[in-house]
Amino acid sequence: MWTVFRFSLASGDARAYREALEILGGAGFRPRPAGPIDAGAPFPAAVVGDVQRAAADVTRVIFAALAEAGLRPVAVSGCALAEAPPATLGARA
């Protein structure tokens, strides 16, 4: 199921978000939308992927991965997409 995962980090700096996106990209997720990160937004960064597990399970895994990397996640939210994203954004995870 195509799912978007939004997340927020305690530091709020662009370097930490770039590192988080790189980590999640290594796990098969793609940034959504591509472009600059708005650190003032409630969930400044997001990734999308075609996941086989429940969104709640994947949010816990993402939170743990970001915490293990020392990125101090505050929150991770997952939501199914109504339709598949454009091919340039999609990834299987």
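Everything numeric in this text was worked out from a predicted model, so none of it was measured. (Residues numbered from 1 in each chain as written. Predicted model: local features only at pLDDT ≥ 70, side-chain atom pairs only at ≥ 80, totals over all residues. Heavy atoms only, no water.)

J.: Explain the pattern of salt bridges to me, and be specific about the residues and the numbers.
T.: Throughout the structure, instances matching the rule amount to two salt bridges. A salt bridge links Glu-19 to Arg-15, with the nearest nitrogen and oxygen atoms 2.9 Å apart. A residue pair is termed a helical-turn pair when its members lie 3 or 4 positions apart in one helix, as Glu-19 and Arg-15 do in helix H1 (residues 14–26) at four residues. Taking relative accessible area as the criterion, Glu-19 reaches 31% and is therefore assigned partly exposed. You can call Arg-15 partly exposed: its relative accessible area is 47%. The residue Arg-60 makes a salt bridge to Asp-57 at a minimum N-O spacing of 2.5 Å. You can see Arg-60 and its partner Asp-57 sitting in helix H2 (residues 55–68), three residues apart, about one turn around the helix. Of the residues examined, Arg-60 reaches a relative accessible area of 52% and is grouped as exposed. (Salt bridge = Lys/Arg side-chain N within 4 Å of Asp/Glu carboxyl O. Helix = DSSP H or I, 4+ residues; strand = E, 2+ residues; numbered from the N terminus. Buried < 20%, exposed > 50% of the residue type's maximum accessible area, 1.4 Å probe, protein only.)

J.: Can you explain H1? Please cite residues and give values.
T.: Given a rise of 1.5 Å per residue, 13 residues ought to cover 18 Å, and the 18 Å separating the end C-alpha atoms of H1 matches this to within 8%. Buried within H1 are the following residues: Ala-16, Tyr-17, Ala-20, Leu-21 and Leu-24. Here the buried residues of H1 occupy an arc of 135° about the axis, which is enough to place them on one side. Those residues of H1 that are exposed and aimed more than 90 degrees away from the buried face are Arg-18, Glu-22 and Gly-26. Here the buried face of H1 lies against strand E1 (2–9), strand E2 (30–31), strand E3 (45–50) and H2. The N-capping residue of H1, defined by a side-chain oxygen 3.2 Å from the backbone nitrogen of Arg-15, is Asp-13. Just downstream of H1, Gly-28 is the residue with a positive phi angle, here 100°. (Expected span 1.5 Å × (residues − 1). Arc of directions from axis to C-beta. Contact = heavy atoms within 4.5 Å. Polar contact = N/O pair within 3.5 Å; in protein donor to acceptor, adjacent residues only side chain to side chain.)

J.: Just give me the short version of the confidence of the model for the protein, but keep the residues and values in it.
T.: In the predicted model, the protein carries a mean pLDDT of 87, and the fraction of residues at 70 or more is 91%. No element of the protein has a lower mean pLDDT than E2, which averages 90, and none a higher one than H2, which averages 96. Between residues 89–93, whose pLDDT stays under 50, and residues either more than four places distant or in other chains, the model counts 22 contacts. (pLDDT = per-residue confidence, 0-100.)

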